[in-house]
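Observations on the model geometry
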Amino acid sequence: MTPQRLKLAAIGCGSRTFIYFELAAKQPELYEIVAAADHSPARLAKARALSQNPAFREFHDDVAILAEPKLADLMIIATQDAFHFGHASAALRKGYDLLLEKPISTNLRDVLALEKLARDLGRRVTVCHVLRYTPFYRKVKAIIASGVLGEIVSVEATEGVEPWHQSHSFVRGHWSVMEKSTPMIIAKSCHDMDILSWLIDSPCTALGSFGGIQHFRAEKAPAGAPQRCTDGCPVGDTCLYNAHRYLGDQKRWLDVIYDRAKTATDAEITDWLRTSPWGRCVYHCDNTAVDHQTVNLNFASGATCTFTMTAFSEGRDLAIFGTKGRLLSGERVKKTAGCDLVVEVFATRKLERITIDLEKDGGHGGGDAGLIRALHAEMSKPRPEDMESSLQKSVESHVMGFAAEESRRTGRTLDLAEFRQAYGG
Ligand SMILES: NC(=O)c1ccc[n+]([C@@H]2O[C@H](COP(=O)([O-])OP(=O)(O)OC[C@H]3O[C@@H](n4cnc5c(N)ncnc54)[C@H](O)[C@@H]3O)[C@@H](O)[C@H]2O)c1
């Protein structure tokens, strides 16, 4: 039985754990934050402050925290992608249920192995597919469930990463070299694969994918652009990706990569840019993450879906075409109809315009807050597989993502059941 107050601990104290700790600390009736592990004393100090718990315990790393007798009900695994499998497996074996950051792992074999391990040990794992907990997607799910759209036939979805975000995370940053982290379609778009799987609510049976790096490559560099923005670039004044913007209008991005972002002087930040990956010219990086990709998906229900990820748009667009009506949403709808969602019923030609307060709950359209609000109840459900973002459900959408990457690389259309089987699932 889930205790009245869920005790939380974390392995990896970066931006994600800080968000979850901050949100959990605001609900002391549900959560008690008891411990965390990280190599960085400064990050542990921040985690301790967020915990609001004088008895909070700090550990140098995963090995140290897992050497202790079980300290909490739930372990947050929020190290970088490549560590998830090792840290999650060890914590499961120690007896912890998990709040596991996406991706489950960087390769499908480990994803499927982790699912088996959790099942064999009878542990609960919630994967941080935070979009499932946003007011926006909950509304879309409710509209589909109401039957007003009829049967879903076609879905169009776009994820606009946004040019600066692409450069920060996927050209200069943690997820720029796919071989060291995760394919873009998993690193960024596993949320989209997951939300499509959740909304269409039918197994994906086959898919095909195309994509590549069109812009962030050496031959697109302006003439004379040096290796680093700090080396006196001749086009620095007009370049969209000038790293000096970290000192100005893009300063908020420093918060997630530079511990002293709030206190460092401009001179210190400039010095840091001279050696940091985030000071590199975006046309002279070692990036392998794609800047655009499309996926065509077929579902068992008969529905089909086209998904586009592009660096060169912002936000998510979604259109659902059903036998009785259609639902439109996203930036284009916002600009033309002035609302978040439009639902049109064919029989009556009735249009419903729906606005959702997307900002009120903070990060990821309210998904971070929604996840932490729901977590206690999720962990109390009698059957782990009924959890909204259970490991079992998340594996489905990870299979879609890994298959999309394989299809993009090989140019082949893939049967999902065969693909999964080939990886031991
Ligand atoms: N759910 C979402 O929407 C979402 C959004 C952003 C990032 N993420 C994912 O969350 C994860 C964490 O991202 P982040 O930005 O917080 O990362 P981060 O790099 O800021 O933090 C990771 C932390 O792990 C620590 N660490 C490394 N090895 C360790 C070990 N052996 N023991 C203990 N600590 C160790 C590092 O010192 C670092 O502080 C990533 O996998 C990322 O893909 C998810």
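Residues numbered from 1 in each chain as written. Predicted model: local features only at pLDDT ≥ 70, side-chain atom pairs only at ≥ 80, totals over all residues. Heavy atoms only, no water.

Now for the overall build of the chain. Helix and strand content of the chain: 14 helices and 15 strands. If one aligns the C-alpha atoms of the chain with their principal axes, the spans along those axes are about 65 × 60 × 45 Å. Looking at the chain as a whole, 54% of its 425 residues qualify as buried. Sequence-distant contacts, at least 24 apart, represent 70% of the contacts inside the chain between residues at least 6 apart. Entry remark: accessible area of the chain is about 18400 Å², with carbon and sulfur atoms responsible for 53%. One finds the centroid of the 52 positive side-chain charges in the chain at a distance of 2 Å from the centroid of its 53 negative side-chain charges. (Helix = DSSP H or I, 4+ residues; strand = E, 2+ residues; numbered from the N terminus. Buried < 20%, exposed > 50% of the residue type's maximum accessible area, 1.4 Å probe, protein only. Contact = heavy atoms within 4.5 Å. Areas by Shrake-Rupley, 256 points an atom, 1.4 Å probe, with all protein chains shown as cover. Lys, Arg positive; Asp, Glu negative; His and termini not counted. Charge placed at Lys NZ, Arg CZ, Asp CG, Glu CD.)

On to empty space enclosed by the protein. Here the structure, examined in full by the defined rule, presents 2 cavities of 30 Å³ or more. One number sums up the size of the largest cavity: a volume of about 50 Å³. In this structure, the largest cavity is lined by Tyr137, Ala157, Thr158, Asp192, Ile195, Leu196, Phe307, Arg316, Asp317 and Leu318. Broken down by secondary-structure element, the contributors of at least two residues to the lining of the largest cavity are strand 7 (152-161), helix 9 (190-200) and strand 11 (314-322). Broken down by class, the residue content of the lining of the largest cavity amounts to 6 nonpolar, 1 polar and 3 charged. Forming the boundary of the second largest cavity are Ala118, Arg123, Arg124, Val125, Pro384, Met387, Leu391 and Gln392. Its residues assigned to classes, the lining of the second largest cavity shows 5 nonpolar, 1 polar and 2 charged. (1 Å grid on protein atoms, 1.4 Å probe; cavity = no way out; pocket = protein on both sides within 12 Å on 5 of 7 lines; lining within 4 Å. Points joined across faces, edges and corners; volume = space filled by probe spheres on them. Nonpolar A, V, L, I, M, F, W, Y, C, P; charged D, E, K, R; others polar.)

Core analysis: the biggest nonpolar cluster contains 78 residues, and Ile65, Met75 and Leu297 have the highest contact counts within it. Among the elements that take part in this core, helix 13 (residues 391-410) stands out by supplying 7 residues, more than any other. Residues from two domains meet in this core; each of domain 1 (6-131) and domain 2 (132-216 + 288-362 + 390-422) gives at least three. Setting aside residues no more than four positions away along its own chain, Ile65 makes contact with Ala9, Ala10, Ile11, Ala35, Ala36, Ala37, Phe59, Leu71 and Met75. Grouped together as the second largest cluster of nonpolar side chains are 30 residues, Leu23, Ala36, Ala47 and Val130 included. (Core = buried A, V, L, I, M, F, W, Y, C linked by side-chain atoms within 4.5 Å. Domains from an automatic or database assignment.)

Under the domain assignment used here, the chain contains domain 1 (6-131), domain 2 (132-216 + 288-362 + 390-422) and domain 3 (218-279). A separation of 31 Å is found between the C-alpha centroids of domain 2 and domain 3. In this complex, domain 2 contributes 12 residues to the contact, which on the side of domain 3 involves 14 residues. For the pairing of domain 2 and domain 3, the buried interface totals around 1200 Å² over both sides, and the portion due to carbon and sulfur atoms is 61%. When the buried area of domain 2 at its contact with domain 3 is split by residue, Trp164, His168 and Arg172 rank highest and sum to 61% of it. Remark: the boundary between domain 2 and domain 3 carries 4 residue pairs in polar contact (both at pLDDT 80 or more). Here the side of domain 2 that touches domain 3 is built from residues that sort into 4 nonpolar, 7 polar and 1 charged. (Buried area = accessible area lost by both parts, 1.4 Å probe. Polar contact = N/O pair within 3.5 Å; in protein donor to acceptor, adjacent residues only side chain to side chain.)

Take the sheet that holds strand 4 (residues 74-77) next. Read across the open sheet, the 6 strands follow the order 3-2-1-4-5-6; overall the sheet is parallel. Looking at which strands have only one partner, the edges of the open sheet turn out to be strand 3 (57-59) and strand 6 (125-127). Between one strand axis and the next, the sheet turns by 20 degrees as a mean value, whatever way the strands run. Where helix 1 (residues 15-25) meets the sheet, its contacts fall on strand 1 (6-11), strand 2 (31-37), strand 4 and strand 5 (97-100), and the angle it forms with strand 2 comes to roughly 155 degrees. (Pairing = 2+ DSSP bridges. Axes fitted to C-alpha atoms, helices over the stretch in contact; angles between N-to-C directions.)

It is worth spelling out the packing of aromatic side chains at this point. To describe a pair of aromatic rings, one takes the distance between the centres and the angle between the planes. Counted by the stated rule, this structure contains 10 aromatic pairs. A centroid spacing of 4.9 Å and a plane angle of 55 degrees characterise the contact between Phe419 and Tyr423, whose relative ring orientation is tilted. Phe419 sits in the buried class, given a relative accessible area of 6%. Members of the aromatic cluster, joined through ring pairs, are Phe216, Tyr241, Tyr283 and Phe312. Across from the ring centre of Tyr96, 5.9 Å away, lies the NZ or CZ of Lys70, which sits over that ring. (Phe/Tyr/Trp six-rings, centres within 6.5 Å; stacked < 30°, edge-to-face > 60°. Lys NZ or Arg CZ within 6 Å of the ring centre and 35° of its normal.)

A few words on the layout of surface pockets. Taken as a whole, the second largest pocket spans an internal volume of roughly 340 Å³. Lining the second largest pocket are 18 residues, with Ser197, Ser202, Pro203, Cys204 and Glu396 positioned closest to its centre. Breaking the lining of the second largest pocket down by element, the ones donating at least two residues are helix 9, strand 8 (204-212), helix 13 and helix 14 (416-422). Per element, the largest residue contribution to the lining of the second largest pocket is 4 residues, and it comes from helix 13. Across the lining of the second largest pocket, the residue classes break down as 7 nonpolar, 3 polar and 8 charged.

Within the sequence span of helix 4 (residues 84-94), burial applies to His84, His87, Ala88, Ser89, Ala91 and Leu92. Buried residues along helix 4 sit in contact with strand 1, helix 3 (62-67), strand 4, strand 5, helix 5 (108-121) and strand 6. Gly95, located one to two residues past helix 4, shows a positive phi value of around 110 degrees.

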